[in-house]
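An overview of the molecular structure
In case you want the letters, here they are:
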Protein chains: 2
Amino acid sequence: MTLPERTVERLSEYRRSLLQCLEEGKTHIFSHELAELHHNTAVQVRRDIMFIGYSSTQRKGYDVRELVDVIANILDSEKGLNVAVIGVGNLGRAVTTYFVGKRSKLNIIATFDVDTTKIDRVISGVKCYPLSRLKEVVEANQISIAIMTVPADSAVEMAAQLVEAGITGLMNFTTVPLNVPREVYLDEYDMITSLEKVAYFVKSPRE
Amino acid sequence: MTLPERTVERLSEYRRSLLQCLEEGKTHIFSHELAELHHNTAVQVRRDIMFIGYSSTQRKGYDVRELVDVIANILDSEKGLNVAVIGVGNLGRAVTTYFVGKRSKLNIIATFDVDTTKIDRVISGVKCYPLSRLKEVVEANQISIAIMTVPADSAVEMAAQLVEAGITGLMNFTTVPLNVPREVYLDEYDMITSLEKVAYFVKSPRE
DNA sequence: TTGAAACTGTGATTTAATTAACAATATTTC
DNA sequence: GAAATATTGTTAATTAAATCACAGTTTCAA
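First things first, this report covers the structure right here in the doc. (Residues numbered from 1 in each chain as written. Chains lettered and ligands numbered in written order. Predicted model: local features only at pLDDT ≥ 70, side-chain atom pairs only at ≥ 80, totals over all residues. Heavy atoms only, no water.)

Turning next to the relation of the copies chain A and chain B. When chain A is fitted onto chain B, the two copies agree to an RMSD of 0.1 Å after a turn of 180° and an axial shift of 0.0 Å. The transformation just described matches what one would write down for a two-fold rotation axis. In this assembly, 100% of the residues forming the interface of chain A have copies in chain B that are likewise at the interface, indicating an isologous arrangement. (Least-squares fit on C-alpha atoms with pLDDT ≥ 70 in both. Contact = heavy atoms within 4.5 Å.)

Structure representation (structure tokens):
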């Protein structure tokens, strides 16, 4: 049984708030509190939590610690997953520094770039390799996820190489829509599209 | 009549492909071709195009030039919209260099940062202002959209200031969910959540 | 200890988004 | 110029996601 995409996203977000709660010493939380933290509804929260099969001790709200563990159980892989960042421009660096150390089960292992002057440079403790060594490094380190932050014109070629190297999850930050085999999970995020969407709704507000 | 969010997103994506087609001298395109470029279906494309009220000369496909114009008419504001980037870290710089010049109707006018050493620095032709001058600069330049790439701990405060300054569209790249008045359009993108989602589907592929 | 109040868990319903199905129409072929 | 083919536009059906509505706890207050 796989969860709905939106639920997975929200669980990830809930977890962050819950960890925050733990730090603040809050041990229990109500669905409506969690909802408020994420501008959605209490029912939605309960429904999401129902999906993962957790139940609260009624009337006290959810046990934060327990809920965090249940979510971790759903989202995290037991041994963790290894990640590579492809392309060390501004965005690649942002992503790398951003992620390192944030989630113990997602390890950024390497970055890659064509620019030979960047080779061996270390960003937030992560070393940069030449793209020529992609397959070798991916295999040696069992990297399964790639985050692509390369220029648009090399995106398609790069994606092919990544698939060839054995990647099974791909986050595409380029503006080029990619085609990958179905067994590779692809998440595309296109900033220009997002900005244009914001612009549209600024111009034509709903209702 | 406002369009469905997803349709707006896809229109933005279609436009990019269509502009590409124009450059290549392609004057007409079929729904299935456009679909293939964006890994979705021909019906979906036709439905989206139906929403914006455009019709093809049948059997020849859509006139690329005309379609681009119709989409521009829907997505773009006549006089363009002005945009500011808040926070000039790696991500802020990435976003700025990324956008500048990409869309004539979306002008990045200014960046802002607390770090006084960054003031007056110019990135891709865009000048950095101190946050203390936010309201003044926003008003003087009629900036209506803000892209937030600040650290998590200043996100909430920052959003409040932006709303106060008169922003009506907000792209939030921090991992903190924000609450803004309903008249402000909010788009949130959370990289950690996206990565965790990819990780989940790598671990638990669908079907 | 009875009753009111506060939450949760979940079937039923609604809404939004996608996909299927097909008539209508233009183009090509013979 | 009739038949076959390719493509669109749209109604209807399906699927996915969100919301409503409410019964079933547990707790608290009197």
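All names here are of chain B. Taken in spatial order, the seven strands line up as β5-β6-β4-β3-β7-β8-β9 in an open sheet, and their pairing is mixed. Looking along the sheet, the strands with just one partner apiece sit at the ends: β5 (122–123) and β9 (185–188). In this structure, strand β8 (residues 169–172) lies alongside β9, joined through four bridges in parallel fashion. In the sheet register, N172 faces β9, and the bridge partner there is E188. (Pairing = 2+ DSSP bridges. Helix = DSSP H or I, 4+ residues; strand = E, 2+ residues; numbered from the N terminus.)

Moving on: the packing of helix α8 (residues 191–203) of chain A against helix α4 (residues 64–75) of chain B. At a minimum axis separation of 9 Å, α8 of chain A and α4 of chain B run at an interaxial angle of 60°. With respect to α4 of chain B, the axis of α8 of chain A lies oblique. Contacts from E196, Y200 and K203 of chain A of α8 of chain A reach α4 of chain B at N73, I74 and L75 of chain B. The residue inventory of the contact of α8 of chain A with α4 of chain B, partitioned by class, reads three nonpolar, one polar and two charged. (Axes fitted to C-alpha atoms, helices over the stretch in contact; angles between N-to-C directions. Parallel < 35°, antiparallel > 145°, perpendicular 65-115°, else oblique. Nonpolar A, V, L, I, M, F, W, Y, C, P; charged D, E, K, R; others polar.)

What follows covers the protein's contact with DNA strand C. Residues and elements named next belong to chain A. Of all residues adjacent to DNA strand C, which total 22 residues, the nearest are S31, R46, R47, S56 and Y62. Those atoms of DNA strand C that come within 4 Å of the protein belong to sugar or phosphate at a rate of 57%. Within the side chain of S31, an N or O atom sits 2.3 Å from a phosphate oxygen of DNA strand C. One of the backbone nitrogen or oxygen atoms of S56 is found 3.0 Å away from a phosphate oxygen of DNA strand C. Taken together, the residues that form the surface near DNA strand C break down as six nonpolar, eight polar and eight charged. (Near = heavy atom within 4 Å. Polar contact = N/O pair within 3.5 Å; in protein donor to acceptor, adjacent residues only side chain to side chain.)

Residues and elements named next belong to chain A. Contact geometry of helix α1 (residues 5–23) with helix α4 (residues 64–75) gives a least axis separation of 9 Å together with a crossing angle of 145°. Regarding α1 and α4, the two cross each other, and that crossing is left-handed. Where α1 approaches α4, its residues V8, L11, S12, Y14, R15, L18, L19, C21 and L22 are matched on the opposing element by V64, R65, L67, V68, I71, A72 and L75. Partitioned by chemical class, the residues of the contact of α1 with α4 number 13 nonpolar, one polar and two charged. (Left-handed = near helix turned anticlockwise from the far one by under 90°.)

Near DNA strand D there are 22 residues, and of these S31, R46, R47, S56 and Y62 of chain B occur at the shortest range. Close to the protein, within 4 Å, the atoms of DNA strand D are drawn from sugar and phosphate at a rate of 59%. In the environment of DNA strand D, a phosphate oxygen lies 3.1 Å from a nitrogen or oxygen atom belonging to the side chain of R10 of chain A. The separation between a base oxygen of DNA strand D and a polar side-chain atom of R46 of chain B is 2.7 Å. Going through the elements one at a time, α1 and α3 (42–51) of chain A together with α2 (31–37) and α3 (42–51) of chain B are the ones with two or more residues in the surface near DNA strand D. Residues of the surface near DNA strand D, tallied by class, amount to six nonpolar, eight polar and eight charged.

With 19 residues, helix α1 (residues 5–23) of chain B extends 28 Å from end C-alpha to end C-alpha; this agrees with the ideal 27 Å at 1.5 Å per step. Listing the buried residues of α1 of chain B in full gives T7, V8, E9, R10, L11, S12, Y14, R15, R16, S17, L18 and C21 of chain B. The inward-facing, buried residues of α1 of chain B contact α8 of chain A together with β1 (28–29), α2, α3 and α4 of chain B. At the exit of α1 of chain B stands G25 of chain B, carrying a positive phi of roughly 80°. (Expected span 1.5 Å × (residues − 1). Buried < 20%, exposed > 50% of the residue type's maximum accessible area, 1.4 Å probe, protein only.)

Let us look at the pattern of salt bridges. Counted according to the given criterion, the structure contains 30 salt bridges over all chains. Its salt-bridge partner being R15 of chain A, residue E196 of chain B comes within 2.8 Å of it at the nearest N-O pair. Of this pair, E196 of chain B sits in helix α8 (residues 191–203) while R15 of chain A sits in helix α1, which puts the two residues in different chains. Note on R15 of chain A: relative accessible area 4%, which makes it buried. D69 of chain B serves as the salt-bridge partner of R65 of chain B, at 3.4 Å between the closest nitrogen and oxygen. (Salt bridge = Lys/Arg side-chain N within 4 Å of Asp/Glu carboxyl O.)

Below, the discussion takes up the environment of D63 of chain A. Residues and elements named next belong to chain A. Within the secondary structure, D63 sits in strand β2 (residues 62–63). On the basis of relative accessibility, which here comes to 18%, the residue D63 falls in the buried class. Apart from the residues lying within four places of it in its own chain, the contact partners of D63 are T27, H28 and Y54.

Another aspect to go through is the pairing of strand β7 (residues 143–148) of chain A. Residue and element names in this part refer to chain A. Judged by how many residues are buried, β7 sits mostly within the fold: six of six residues are covered. Bridging between strand β3 (residues 81–86) and β7 involves five bridges; their strand directions are parallel. When the bridges of β7 are listed, I86 appears paired with M148. The pairing of β7 with strand β8 (residues 169–172) spans four bridges and is classified as parallel. The partner of I147 across the bridge, within β8, is M171. As a crossover connection, the stretch from β7 through helix α7 (residues 155–165) into β8 is right-handed. (Right-handed = clockwise from strand over helix to strand, strands pointing away.)

What follows deals with the sheet that holds strand β6 (residues 126–130) of chain A. All names here are of chain A. Pairing is mixed in the open sheet, where seven strands are placed in the order β5-β6-β4-β3-β7-β8-β9. Bordering the open sheet on either side are β5 (122–123) and β9 (185–188), each of which pairs with just one other strand. Relative to β6, strand β4 (residues 106–113) is paired through four bridges, and the arrangement is parallel. Looking across to β6, one finds that A110 is bridged to K127.

What is shown is where atoms sit, not what they do.
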